[in-house]
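Now for the letters of each chain:
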Amino acid sequence: MPALLEVDNLRKVYRIPSGKRGTDDLVAVDGLSFEVPAGGALAIVGESGSGKTTSARIIAGLETPPSGRIGIDGETRKPLPWTRSERIRYACQVQMVYQDPFTSLDPSQTIESTLDEVLRCHFHRDRARRRDRIGELLGQCGLDDRHRHRRPRALSGGERQRVAIARALAAGPRVLILDEAVSALDVSIQAQILNLLASLRSSLGLTYVFISHDLGVVRQVSDECIVMHRGAAVESGATTNILSAPKADYTRQLLDAIPRPGWAPKRRAAYPGSL
């Protein structure tokens with residue numbers, strides 16, 4: 001199956017202060033390459049600081065890489081800065097859902113206003129058509145007309161994440177990047193959101209890139225997996241193969257760190273003089 005999303009030799013370096021007026025180069029992403037077919041689901045996993053979120057932000061067009069190529073449906077995407085028409089066109093290709101919807105949603109806007117803003121920017125000028133489309137988006141994400149006039153603070157965490165997904169879908173993207181999109185939710189709500197994402201992938205033909213540190217979630221939602229460590233991919237392949245028979249030492253360390261039945265945290269030794 002031909003690739004919808006192509007990432008080739010992506011590299012990102014940050015200049016950070018070091019010593020007196022000195023600077024060092026911090027390599028956040030180093031030579032990352034992968035492909036995702038249309039309708040596929042790729043997970044990028046690793047500990048904090050591994051480069052997975054930076055990679056996601058580059059793919060979403062929020063960061064500029066000094067080198068590397070990103071292709072969508074065979075077209076190489078231009079580097080930043082973009083013109084207004086280019087920003088709108090690329091936003092209709094790739095959208096991102098963040099970890100905490102409470103900070104990514106405008107607290108002063110109703111849910112209807114949040115979705116209407118995206119539709120006005122990208123598609124419909126007719127208000128009646130936008131209202132109908134908002135109803136469709138809410139229904140696709142397990143919400144209804146009762147949520148139209150509520151603000152984010154009046155919603156539960158799961159409902160807010162459903163709104164965030166609906167807002168991303170409003171632009172009509174083919175690729176959806178989910179950056180730790182269920183990690184802030186209770187386990188039961190996580191399962192509901194993951195089931196929703198599976199349903200949307202099946203019905204809309206969406207292509208997913210999951211950013212996660214939770215290997216249990218990765219096993220459930222992805223076909224392929226990339227393990228990142230210190231900005232580089234240390235292992236990649238079918239998710240079931242990587243999680244059942246990892247080849248890289250770092251991947252084995254991640255798997256060994258998962259709490260198992262009967263696990264109990266060790267008490268830290270008390271400091272001298274502490275109560």
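Residues numbered from 1 in each chain as written. Predicted model: local features only at pLDDT ≥ 70, side-chain atom pairs only at ≥ 80, totals over all residues. Heavy atoms only, no water.

S.K.: Which parts of the structure should I look at to understand the sheet that holds strand S2 (residues 22-37)?
M.R.: Backbone-to-backbone hydrogen bonds pair the strands of a sheet. The strands run either parallel or antiparallel. With antiparallel pairing, 4 strands are arranged side by side in an open sheet as S2-S1-S4-S5. In the strand order of this sheet, the two ends are held by S2 and strand S5 (75-76), each with one partner. On the sheet, helix H1 (residues 52-59) packs against strand S1 (3-18), S2 and strand S4 (67-72) and is oriented at approximately 120° with respect to S1. (Pairing = 2+ DSSP bridges. Helix = DSSP H or I, 4+ residues; strand = E, 2+ residues; numbered from the N terminus. Contact = heavy atoms within 4.5 Å. Axes fitted to C-alpha atoms, helices over the stretch in contact; angles between N-to-C directions.)

S.K.: Help me understand the nonpolar core, please; the structure alone is not making it clear to me.
M.R.: One recurring pattern in soluble globular proteins: nonpolar side chains tend to sit buried together. One finds Val97, Ile165, Leu169, Leu197, Tyr208 and Phe210 to be the most contacted residues of the largest nonpolar core, which totals 46 residues. With 7 residues, the single largest contributor to this core is helix H6 (residues 157-170). The contacts of Phe210, once residues within four sequence positions are left out, are Ala41, Leu42, Ala43, Ile44, Leu178, Leu197 and Val221. The next biggest cluster of nonpolar side chains, apart from the first, holds 25 residues, and it includes Leu5, Val7, Ile44 and Ile72. (Core = buried A, V, L, I, M, F, W, Y, C linked by side-chain atoms within 4.5 Å. Buried < 20%, exposed > 50% of the residue type's maximum accessible area, 1.4 Å probe, protein only.)

S.K.: How do you make sense of the side chain of Arg148 when you look at a structure like this?
M.R.: Its location among the elements puts Arg148 in the loop between helix H5 (127-140) and H6. Given the relative accessible area of 7%, Arg148 is considered buried. A distance of 2.9 Å separates a polar side-chain atom of Arg148 from the backbone oxygen of Arg131. Within the structure, Arg148 has its side chain in polar contact with the side chain of Asp145 (distance 2.8 Å). Those residues in contact with Arg148 that sit more than four places away from it in its chain are Thr110, Ile111, Glu112, Arg131, Ile134, Gly135 and Leu138. (Polar contact = N/O pair within 3.5 Å; in protein donor to acceptor, adjacent residues only side chain to side chain.)

S.K.: What exactly am I supposed to notice about the confidence of the model for the protein here?
M.R.: Note that predicted coordinates carrying low pLDDT should not be read in detail. On average, residues of the protein score 91 in pLDDT, and 95% of them reach the 70 mark or higher. Predicted confidence in the protein is weakest over helix H3 (residues 101-104), with a mean pLDDT of 86, and strongest over strand S3 (residues 41-45), with 97. (pLDDT = per-residue confidence, 0-100.)

S.K.: Could you clarify how one ought to interpret H1 in this entry?
M.R.: Along an α-helix, a turn takes 3.6 residues, which lines up residues three or four apart on a common side. Counting buried positions over the 8 residues of H1 gives 6, a clear majority of the element. Within the sequence span of H1, burial applies to Lys52, Thr54, Ser55, Ala56, Ile58 and Ile59. Immediately downstream of H1, the backbone of Gly61 shows phi near 85°, a positive value.

S.K.: Where do I start with the layout of surface pockets in this structure?
M.R.: Empty space among the atoms becomes apparent when a probe as large as a water molecule is rolled across them. Counted as a void, the largest pocket has a volume near 660 Å³. Forming the boundary of the largest pocket are 25 residues, of which Leu62, Ala91, Val94, Gln95 and His122 lie nearest the centre. Breaking the lining of the largest pocket down by element, the ones donating at least two residues are helix H2 (84-91), strand S6 (94-97), helix H4 (111-122) and H6. The class makeup of the residues in the lining of the largest pocket is 14 nonpolar, 5 polar and 6 charged. Estimated volume of the second largest pocket: approximately 250 Å³. The wall of the second largest pocket is formed by 13 residues, among which His213, Asp214, Leu215, Leu254 and Ile258 lie closest to the centre. Those elements giving two or more residues to the lining of the second largest pocket turn out to be helix H8 (215-221) and helix H10 (249-256). (1 Å grid on protein atoms, 1.4 Å probe; cavity = no way out; pocket = protein on both sides within 12 Å on 5 of 7 lines; lining within 4 Å. Points joined across faces, edges and corners; volume = space filled by probe spheres on them. Nonpolar A, V, L, I, M, F, W, Y, C, P; charged D, E, K, R; others polar.)

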